[in-house]
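The lines below spell out each chain.
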Amino acid sequence: MTNKIKIKDLPKECRPREKLLIFGAQNLSDIELISILLGNGVKGKNLFSLSEEVLNQLDFLNYKVNESHFMNISGLGKAKIASIAAAIEFSRRILCPQSKRIKSSSDIYPYVKHFADRKQEVFVCASLNGANEIIAIRVVSIGLINKTLVHPREVFADPISDRAAAVIVCHNHPSGNLEPSEEDREITKRLKDASNVLGIPLLDHIIFTETGYKSVLVG
């Protein structure tokens, strides 16, 4: 969905609220869900454009909402920020992935799949405890994945604080191509070597799209 399209220009069944009621919330993109929370755009910025800005900021902040963090988004008032914060906290309380056991790569995919529609590559790291249960899933970097952005110190900083027993890293391919690049393989090797030194095993590195995933480590 392009952020240049206005709600009123869409067929009724394609408008976010109507689409949710007809097809279910699970069939909406993250931008469409945020657009429902925001309700409307602001002067000089349509609803989808505003929703995309909010989504990019949420990715960057690992979904921690603070009013000061959104001051750079013009037109976003306290009421809209409060709606977003309330929705995220409610979702966290009832759907938080913590304590969900990861037995295989397929188990982590549902928890990162929502990043698949991003226009940029989003690299995330899942900290796991000794029972392979999720402690937390965090965004490490946003943008073209390379050795500078995805450095072992950035990836393992939070898992060390979590006292994680293992990690799984994942990133999306906006192109839709699941084949790992040479850069992907090289980063995986660096992270695997670092994990061995730190004693926090890297269980897998998953490349994913909206339609599937592929393991770099074992694939």
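Presented here is an overview of the structure given in this document. (Residues numbered from 1 in each chain as written. Predicted model: local features only at pLDDT ≥ 70, side-chain atom pairs only at ≥ 80, totals over all residues. Heavy atoms only, no water.)

1. What to know about empty space enclosed by the protein
The rolling of a water-molecule-sized probe over the atoms marks out the regions of remaining empty space.
Here is step 1 of the chain: In the structure shown here, the tally under the stated rule is 1 cavity of 30 Å³ or more.
Here is step 2 of the chain: Here the largest cavity is characterised by a volume of approximately 30 Å³.
Here is step 3 of the chain: C125, S127, R138, V140, E154, V155, D158 and P159 together form the lining of the largest cavity.
Here is step 4 of the chain: Broken down by element, the lining of the largest cavity gets its largest block of residues, 4 residues, from helix 6 (residues 152-162). (1 Å grid on protein atoms, 1.4 Å probe; cavity = no way out; pocket = protein on both sides within 12 Å on 5 of 7 lines; lining within 4 Å. Points joined across faces, edges and corners; volume = space filled by probe spheres on them. Helix = DSSP H or I, 4+ residues; strand = E, 2+ residues; numbered from the N terminus.)

2. What to know about the side chain of D184
Here is step 1 of the chain: In this fold, D184 is placed in helix 7 (residues 182-198).
Here is step 2 of the chain: An unpaired buried charge is present at D184: no salt bridge exists, and R185, the closest side chain of opposite charge, is 7.6 Å distant.
Here is step 3 of the chain: For D184, the side chain forms a polar contact with the side chain of H173, separated by 3.2 Å.
Here is step 4 of the chain: Contacts of D184, omitting those with residues within four sequence positions, involve H171, H173, H205, I207 and V216. (Buried < 20%, exposed > 50% of the residue type's maximum accessible area, 1.4 Å probe, protein only. Lys, Arg positive; Asp, Glu negative; His and termini not counted. Salt bridge = Lys/Arg side-chain N within 4 Å of Asp/Glu carboxyl O. Polar contact = N/O pair within 3.5 Å; in protein donor to acceptor, adjacent residues only side chain to side chain. Contact = heavy atoms within 4.5 Å.)

3. Concerning the pattern of salt bridges
Here is step 1 of the chain: Here the structure, examined in full by the defined rule, presents 12 salt bridges.
Here is step 2 of the chain: Across the pair D162 and R138 runs a salt bridge whose closest N-O atoms are separated by 2.7 Å. With D162 in helix 6 and R138 in strand 2 (residues 134-142), this residue pair connects regions lying 24 residues apart in the sequence.
Here is step 3 of the chain: A salt bridge links K214 to E179; the nearest nitrogen and oxygen atoms lie 2.7 Å apart. Here K214, found in strand 5 (residues 213-215), pairs with E179, found in the loop between strand 3 (166-172) and helix 7; they are 35 residues apart in sequence, far enough to count as distant.

4. So, the side chain of S195
Here is step 1 of the chain: Positionally, S195 belongs in helix 7.
Here is step 2 of the chain: Side-chain polar atoms of S195 contact the backbone oxygen of K192, separated by 2.7 Å.
Here is step 3 of the chain: For S195, the contacting residues outside a window of four places in its chain are F156, I200, P201 and L202.

5. Here we look at the sheet that holds strand 4 (residues 202-208)
Here is step 1 of the chain: Spatial strand order, 2-1-3-4-5: 5 strands in an open sheet with mixed pairing. On the outer flanks of this sheet lie strand 2 and strand 5, each paired with one strand and no other. The sheet shows a mean angle of 20° between the axes of neighbouring strands, direction not considered.
Here is step 2 of the chain: Direction of pairing for strand 3 relative to strand 4: parallel, over a ladder of 6 bridges. Among the inter-strand pairings, V169 is bridged to a residue of strand 4, identified as H205. (Pairing = 2+ DSSP bridges. Axes fitted to C-alpha atoms, helices over the stretch in contact; angles between N-to-C directions.)

6. Comments concerning the packing of helix 1 (residues 16-23) against helix 2 (residues 30-38)
Here is step 1 of the chain: Running from N to C, helix 1 and helix 2 cross one another at 115°; their axes reach a closest spacing of 9 Å. Considering the angle they form, helix 1 stands roughly perpendicular to helix 2. As for the relative orientation of helix 1 and helix 2, their crossing is left-handed in sense. Only E32, L33, S35 and I36 of helix 2 make contact with helix 1, whose side of the interface consists of P16, R17, K19 and L20.
Here is step 2 of the chain: Of the residues that constitute the contact of helix 1 with helix 2, the class distribution is 4 nonpolar, 1 polar and 3 charged. (Parallel < 35°, antiparallel > 145°, perpendicular 65-115°, else oblique. Left-handed = near helix turned anticlockwise from the far one by under 90°. Nonpolar A, V, L, I, M, F, W, Y, C, P; charged D, E, K, R; others polar.)

7. Examining the pairing of strand 4
Here is step 1 of the chain: In terms of residue burial, strand 4 counts as a mostly covered element, since 6 of its 7 residues are buried.
Here is step 2 of the chain: Viewed along the sheet, the connection from strand 3 through helix 7 into strand 4 turns out right-handed.
Here is step 3 of the chain: Pairing geometry for strand 4 and strand 5, over 3 bridges, is antiparallel. When the bridges of strand 5 are listed, I207 appears paired with K214.
Here is step 4 of the chain: Linking strand 4 back to strand 5 in an antiparallel pair, the connection comprises 4 residues. (Right-handed = clockwise from strand over helix to strand, strands pointing away.)

8. A short note on the pairing of strand 1 (residues 122-128)
Here is step 1 of the chain: With respect to burial, strand 1 is a largely interior element, 7 of its 7 residues being buried.
Here is step 2 of the chain: On strand 1, burial covers both faces: V122, V124, A126 and L128 on one face and F123, C125 and S127 on the other are all buried.
Here is step 3 of the chain: Inspection of the sheet shows strand 1 paired to strand 2 by 7 bridges, in the antiparallel sense. Residue pairing for strand 2: V122 is matched across the bridge by I142.
Here is step 4 of the chain: Taken together, strand 1 and the strand that follows it, strand 2, pair antiparallel across an intervening segment of 5 residues, in which N132 is found at a positive phi of about 60°.

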